[in-house]
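One letter stands for each residue in the lines below.
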Amino acid sequence: MYLSRFLSIHALWVTVSSVMQPYPLVWGHYDVCKTQIYTEEGKVWDYMACQPESTDMTKYLKVKLDPPDITCGDPPESFCAMGNPYMCNNECDASTPELAHPPELMFDFEGRHPSTFWQSATWKEYPKPLQVNITLSWSKTIELTDNIVITFESGRPDQMILEKSLDYGRTWQPYQYYATDCLDAFHMDPKSVKDLSQHTVLEIICTEEYSTGYTTNSKIIHFEIKDRFAFFAGPRLRNMASLYGQLDTTKKLRDFFTVTDLRIRLLRPAVGEIFVDELHLARYFYAISDIKVRGRCKCNLHATVCVYDNSKLTCECEHNTTGPDCGKCKKNYQGRPWSPGSYLPIPKGTANTCIPSISSIGNSPKFNRIWPNISSLEVSNPKQANVCDNELLHCQNGGTCHNNLRCLCPAAYTGIFCEKLRCEEAGSCGSDSGQAAPPQCSPALLLLTALLGTASPLAF
Ligand SMILES: [Ca+2]
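Parameters and conventions
- Residues numbered from 1 in each chain as written.
- Predicted model: local features only at pLDDT ≥ 70, side-chain atom pairs only at ≥ 80, totals over all residues.
- Heavy atoms only, no water.
- Disulfide = S-S within 2.5 Å.
- Buried < 20%, exposed > 50% of the residue type's maximum accessible area, 1.4 Å probe, protein only.
- Helix = DSSP H or I, 4+ residues; strand = E, 2+ residues; numbered from the N terminus.
- Polar contact = N/O pair within 3.5 Å; in protein donor to acceptor, adjacent residues only side chain to side chain.
- Contact = heavy atoms within 4.5 Å.
- Salt bridge = Lys/Arg side-chain N within 4 Å of Asp/Glu carboxyl O.

- An unreviewed UniProt entry annotates the chain as Netrin G1 originating from Cavia porcellus.

**Quick word on the state of the cysteines**
Linking two cysteines covalently through their sulfur atoms gives a disulfide.
Working step 1: Tallying each qualifying case throughout the model produces eight disulfides.
Working step 2: Here Cys-80 is linked by a disulfide to Cys-88, with a sulfur-sulfur distance of 2.0 Å. Disulfide Cys-80-Cys-88: torsion about the S-S bond near 90°, hence right-handed.
Working step 3: Take Cys-88: its relative accessible area is 25%, and that puts it in the partly exposed class.

**Details of the side chain of Asp-46**
Working step 1: Within the secondary structure, Asp-46 sits in strand 2 (residues 42–47).
Working step 2: Polar side-chain contacts of Asp-46 include one of 2.6 Å to the side chain of Lys-348.
Working step 3: Apart from residues no more than four positions distant in its own chain, Asp-46 is found in contact with Cys-33, Lys-34, Thr-35, Ile-37 and Lys-348.

**A few points about unusual backbone geometry**
Working step 1: With an omega of 0°, the peptide bond running from Asp-66 to Pro-67 counts as cis.
Working step 2: Within the fold, Pro-67 resides in the loop between strand 4 (62–66) and strand 5 (77–79).
Working step 3: The residue after Tyr-126, namely Pro-127, is reached through a cis peptide bond having omega 15°.
Working step 4: As for its position among the elements, Pro-127 is in the loop between strand 7 (118–119) and strand 8 (132–144).
Working step 5: For Asn-300, which is not glycine, the phi dihedral falls at a positive 55°.

**Regarding the pattern of salt bridges**
Working step 1: Taken as a whole and judged by the stated rule, the model has 15 salt bridges.
Working step 2: We note a salt bridge from Glu-77 to Lys-124, for which the minimum N-O separation is 3.2 Å. Of this pair, Glu-77 sits in strand 5 while Lys-124 is found in the loop between strand 7 and strand 8, placing the two residues 47 residues apart along the sequence.
Working step 3: For Arg-283, the salt bridge is made with Asp-277, and the minimal N-O distance between the two is 3.3 Å.
Working step 4: When its relative accessible area of 7% is taken as the criterion, Arg-283 is described as buried.
Working step 5: What emerges from the salt-bridge pattern is a single network uniting Glu-163, Arg-263 and Arg-265.

This is the structure we're talking about:
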């Protein structure tokens, strides 16, 4: 449903940004990291923020149940039909494929009838609580882009907590509480996502919306990602720029939608009445037919491709970045501190590409290819020498390379690579200027400066 909305919303973006993308996806206009463009100076790379497509993340997870032997059928047991405590001749038997309900049936292709589902043992040890933790692990930070949807085959639980981890399961935070009676179960006032606002969007709530007892027909529980996006992007998510702006500037908001693991804590099965029917405990159990989690690899806006290899998700980093999440600059590209890309300005964003370390100049074969030996520079005719390259991003601090001959620097910067604050050169920088110190000049740069007899941009 949401996808079709996005199809129309983003059709324009895709036309403008790329004809290569076969069809638009949610946020799909950040679908390339760089393109070659033709300018007066010739062919140059144009860098932009980029991210992988939003996709079905259940294909890449590992599932773990706790207690590990909580799945029904070992030994075989019978359970009551949904909503009918007098028909208790259904059988779960782990050793018979047609009667087994293993955890992977929560993630198989759904659409066949009857549904396939995981099922727990029944509540035969009542009054000892029947509790199950279902942990979904990606071993990779991912960003959620759509509602988490859990479809129960049993009644929806009377008490449940959805939790998330951002550190591969070491620590957990609640995402949302679910109960038939929030006050009784969790000492929380019941709320719905619709009660939240832009200012309270990160509040963790307890909802009674999805726990309406044993006999209800509805089987679905949501964790509402889209409703939360809508506080920024509007009810039909038309103003994505506003959401992007917030995600760019508010780390807490970005982190809210980021996880490495999810944990579904089933705390009390659907009972529906005040008292548990102790004569028919085989009517109480958990069964889940489907879990939907849509999202994308978090690559810090430095990659469009996330590969799944050896059961591991990894971003294919661009912009001279590296690491599973493109979270650092490559060796020899540490000319300025690493920074994530930015969604802004819409629609291209800002790549915040890692630039070569000044100290690496002359050491890199790639660099040597376009950078002649200092000693061979024809100082009398500097036009013969390649001084900079937009692809390799020699010009720093937002400078652009003109004809491979000189860096055109923003007003505040000077130096061959725009590496120097203009005020510093003039000796007029205040101690509270708030600007970062320019990078240290390397011997290679000093030699070049001496050869050319100037520290200012070359004039031609
Ligand atoms: Ca299923």
